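Geometric and topological summary
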Amino acid sequence: MTGPSVVLVGPMGVGKSTVGELLAERLGVAFRDTDADIVASQGRPIADIFVEDGEAAFRAIEKESVRRALAEHTGVLALGGGAVLDPDTRANLSGRPVVYLSMDVEEAVRRTGLNAARPLLAINPRKQWRELMEARRHLYEGVAAQVVATDGRTPEEVTQDVQDALGLTNAQAGNAPAQRQEEAVTASVTRIQVGGSAGSEPYEVLVGRQLLGELAGLIGERTKRVAVLHPEALAETGDALRADLAGQGFEAIAVQVPNAEEAKTAEVAAYCWKALGQSGFTRSDVIVGVGGGATTDLAGFVAATWLRGVRWIAIPTTVLGMVDAAIGGKTGINTAEGKNLVGSFHPPVGVLCDLAALDSLPVNDYVSGLAEIIKAGFIADPAILELIESDPEGARSPSGPHTAELIERSIKVKAEVVSSDLKESGLREILNYGHTLAHAIEKNERYQWRHGAAVAVGMHFAAELGRVAGRLDDATADRHRTILESVGLPLHYRYDQWPRLLETMKVDKKSRGDLLRFIVLDGLAKPTVLEGPDPAVLLAAYGEVGE
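So, a few notes on the structure that sits alongside this text. In this text the structure is predicted, and so the values were computed from the model without any measurement.

1. A word on the overall build of the protein chain
Assigned secondary structure in the protein chain consists of 22 helices and 16 strands. Residue burial in the protein chain is summarised as follows: out of 547 residues, 53% are buried. Accessible area for the protein chain stands at about 22,200 Å²; split by element, carbon and sulfur atoms hold 49% of it.

2. Details of the packing of aromatic side chains
The final tally for this structure, using the stated rule, is 8 aromatic pairs. Consider the rings of Phe-461 and Tyr-542, whose centres lie 6.3 Å apart with planes at 65°: the pair is edge-to-face. Linking Phe-461 in helix α19 (residues 451–468) with Tyr-542 in helix α22 (residues 535–545), this pair joins segments that are 81 residues apart in sequence. Taking the relative accessible area as the measure of exposure, Phe-461 reaches 1% and is therefore buried.

3. What to know about the nonpolar core
Residues Val-205, Ile-287, Ile-374 and Phe-461 are the most contacted members of the largest nonpolar core, which totals 96 residues. Sequence-distant contacts of Val-205, that is, excluding residues within four places in its chain, are made with Thr-190, Arg-191, Ile-192, Val-194, Ile-327, Val-351, Cys-353 and Ile-411.

4. So, helix α4 (residues 55–72)
Between the first and last C-alpha of α4 there are 25 Å, a value that for 18 residues agrees with the 26 Å anticipated at 1.5 Å per step. Taken together, the buried positions of α4 are Phe-58, Arg-59, Glu-62, Ser-65, Val-66, Ala-69 and Leu-70. For α4, the arc enclosing every buried residue in end-on projection is 125°, short of the 170-degree limit, so these residues lie on one face. Residues of α4 that are exposed and point over 90 degrees away from its buried face: Ala-56, Ala-60 and Ala-71.

5. Thoughts on helix α12 (residues 293–305)
With 13 residues, α12 should cover 18 Å at 1.5 Å per step; its first-to-last C-alpha distance of 18 Å lies within 8% of that length. Buried residues dominate α12, accounting for 12 of its 13 residues. Here α12 has its buried residues at Gly-293, Ala-294, Thr-295, Thr-296, Asp-297, Leu-298, Ala-299, Gly-300, Phe-301, Val-302, Ala-303 and Ala-304. Taken from the residues just after α12, Leu-307 is the one with a positive phi, measuring 55°.

6. A word on the environment of Asp-244
Position of Asp-244 relative to the elements: it lies in helix α10 (residues 235–247). Exposure remark for Asp-244: the relative accessible area of 4% places this residue in the buried category. Taking the C-alpha atoms as reference, Asp-244 lies 9.9 Å from Leu-212; in sequence the two are 32 residues apart.

7. A short note on unusual backbone geometry
Its identity is not glycine, yet Ala-260 carries a phi of approximately 55°, on the positive side. Mapping Ala-260 onto the fold places it in the loop between β9 (251–257) and α11 (266–278). The backbone of Arg-308 sits at a positive phi, close to 60°, despite the residue not being glycine. Following the sequence through the fold, Arg-308 ends up in the loop between α12 and β11 (311–316). Accessibility expressed as a relative area gives 77% for Arg-308, which makes it exposed.

8. A few points about the environment of Ile-379
Structurally, Ile-379 is set in helix α14 (residues 363–379). For Ile-379, a relative accessible area of 3% translates into the label buried. Measuring from C-alpha to C-alpha, the distance between Ile-379 and Val-520 comes to 9.0 Å, with 141 residues separating the pair along the chain. Each residue touching Ile-379, except ones within four places of it in the same chain, is listed here: Val-413, Ile-430, Leu-431, Tyr-433, Leu-521, Ala-525, Lys-526 and Pro-527.

9. Topic: the sheet that holds strand β6 (residues 189–194)
With mixed pairing, the 7 strands of this open sheet are ordered in space as β6-β7-β14-β11-β10-β8-β9. With partners counted over all chains shown, the strands left at the sheet margins are β6 and β9, one partner each. Within the sheet, the average angular offset between the axes of one strand and its neighbour, ignoring direction, is 15°. Sheet topology places β6 next to strand β7 (residues 203–208); 6 bridges connect them, and they run antiparallel.

10. A look at the pattern of salt bridges
In the structure shown here, the tally under the stated rule is 40 salt bridges. Close ionic contact of Glu-62 with Arg-59 constitutes a salt bridge, the shortest N to O distance being 2.8 Å. Of the two residues, Glu-62 and Arg-59 are both situated in helix α4; the distance of 3 residues between them amounts to about one turn of the helix. Of the two residues, Glu-62 and Arg-59, neither departs from the other in class, the shared state being buried.

11. Observations regarding the pairing of β9
Relative to β9, strand β8 (residues 225–231) runs parallel, the two being bridged by 7 bridges. Among the inter-strand pairings, Val-228 is bridged to a residue of β9, identified as Ala-254. Following the chain from β8 across α10 to the adjacent parallel β9, one finds a crossover that is right-handed.

12. Comments concerning the sheet that holds strand β4 (residues 98–102)
Adjacent strands of a sheet form backbone hydrogen bonds with each other and so pair up, either parallel or antiparallel. Spatial strand order, β2-β3-β1-β4-β5: 5 strands in an open sheet with parallel pairing. Each edge of the sheet is formed by a strand with only one pairing partner; in this case those strands are β2 (31–33) and β5 (146–149). Averaged over all neighbouring strand pairs, the angle between strand axes comes to 25°, with direction disregarded. When strand β1 (residues 6–9) meets β4, the two strands line up parallel, connected through 3 bridges. The residue bridging Val-9 from the neighbouring strand is Tyr-100, located in β4. Lying over the sheet, helix α2 (residues 34–42) contacts β2 and β3 (76–78), oriented at roughly 65° with respect to β2.

13. A short note on the pairing of strand β13 (residues 338–345)
In terms of strand pairing, strand β12 (residues 330–335) meets β13 through 5 bridges, oriented antiparallel. Paired with Thr-335 across the two strands is Gly-338, which belongs to β13.

14. Some words on the side chain of Asp-285
Structurally, the position occupied by Asp-285 is in the loop between α11 and β10 (286–291). According to the relative accessible area criterion, Asp-285 is buried, its value standing at 0%. Engagement of the side chain of Asp-285 in a polar contact is seen with the backbone nitrogen of Arg-225, the distance being 2.9 Å. A polar atom in the side chain of Asp-285 sits 2.8 Å from the backbone nitrogen of Thr-282. Discounting chain neighbours no more than four positions away, the residues touching Asp-285 are Thr-223, Lys-224, Arg-225, Gly-280, Val-310 and Arg-311.

15. What about the packing of α2 against α4?
Their axes nearest at 9 Å, the elements α2 and α4 cross at an angle of 115°. Taken together, the axes of α2 and α4 are roughly perpendicular relative to one another. Note on packing geometry: the crossing formed by α2 with α4 is right-handed. For the pair α2 and α4, the contacting residues are Thr-34, Asp-35, Asp-37, Ile-38 and Gln-42 in the first and Phe-58, Ile-61, Glu-62, Ser-65, Val-66 and Ala-69 in the second.

Cut-off values and rules
Residues numbered from 1 in each chain as written. Predicted model: local features only at pLDDT ≥ 70, side-chain atom pairs only at ≥ 80, totals over all residues. Heavy atoms only, no water. Helix = DSSP H or I, 4+ residues; strand = E, 2+ residues; numbered from the N terminus. Buried < 20%, exposed > 50% of the residue type's maximum accessible area, 1.4 Å probe, protein only. Areas by Shrake-Rupley, 256 points an atom, 1.4 Å probe, with all protein chains shown as cover. Phe/Tyr/Trp six-rings, centres within 6.5 Å; stacked < 30°, edge-to-face > 60°. Core = buried A, V, L, I, M, F, W, Y, C linked by side-chain atoms within 4.5 Å. Contact = heavy atoms within 4.5 Å. Expected span 1.5 Å × (residues − 1). Arc of directions from axis to C-beta. Pairing = 2+ DSSP bridges. Axes fitted to C-alpha atoms, helices over the stretch in contact; angles between N-to-C directions. Salt bridge = Lys/Arg side-chain N within 4 Å of Asp/Glu carboxyl O. Right-handed = clockwise from strand over helix to strand, strands pointing away. Polar contact = N/O pair within 3.5 Å; in protein donor to acceptor, adjacent residues only side chain to side chain. Parallel < 35°, antiparallel > 145°, perpendicular 65-115°, else oblique. Left-handed = near helix turned anticlockwise from the far one by under 90°.

Following this line, the structure appears as structure tokens:
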């Protein structure tokens, strides 16, 4: 029988691709993954196929992809987790060198975590995992010539076991297997430290995929109660987290709050305090905020004010939340007079940025978050701008080639700034680039505008203000327009609203007395403060923005 020298089967997250690539390298053959074949042929992620076409349509595509690969490929082949559900596929695997890579439920939850890109495991990891394995374990075992456990093993150890089980030798006999740094058969995680200041401890921002396994460690063994604050739009996710934490022995509650900026009110904060009080929350207990920037702002504020401060953990699920709102400890709520006028500096004990949460984010929400990334590029890290300019369309999608790097670079910019200035007494003010006008626009629109859209207009205004004030060169000012437009962010706002915007900016947190303060650039990555600009200069700058 012709076909692959090894076929790897097993559940999602078990490491078939990682082990398959390493095994192919050792054997001197090619590696192929049927999931990758499907993505390439369909031109969209598997999660999108599930959502847009349904599981039945995906399974039909998968069946044909597996049939073709078994007929064409002679190296190492990895099949998708559900490929064995099809009886014709199982028959086609009969007599082939199939290895089932297995893992237990705890290992599965640690590896798959909050990965929304795995459409069958996006709500309650433990419950979904058990149900999947009850349906599939006998199928994996039925097609497998050998079974290799992966729990707590490195890729090298699992690969060696597969070779031993099938009697396979390296392409260059006598050579030791290639050594790699030991790591779990999981996606890599970037850890970015945010330094502490007086009265606060350093904490880590974790960026990667499959991060749910890190949550219990951040919560800690001394904690008895956990409150999961989540928006209405993430009701299933919030309840799943609560159930998962309850399954680990915590007294967990889920507190649902309104979506977006509607959550950031004194009334909603009071509702959260009531929930904590009724649950007997003490200073050793923990709040987990899962959602966008508005939710993490609220969760941090509730944590800062309950019992004068309890620990909290941020799980941002939007680009804006990951690169801005969840980092630095600025928490707050809005009032009728303005945005974030009531708040506190109360850093989290950890932030989990699971990039898989972005895979299902609406495109407008994703693009909105790019404004904060672009801001980080202009004030501190021009490499961000170069990455976006090299592929604007790719920057608009979570599946773009530079997504992880863009988010990590942006987080590092903010981490470096807030580590040296927790309470915005100096350097941290540069993070407000574009935000003075942005907050005025948001208030004027009754918070119906996306924050990133307002920041984009605000940065355009700040660039023109710097230019008119003689601080910024034409090329850098024009670059703002080009980059913002290239990813689909707005540049303009209504010209007739300038008097109202000006009055709102006068009560902005960044003002000092009667003096308006704006962050402008003296050049690329050279932010500075422009205090009390001439009203004519302000109007001239807005003349380029208004329409």
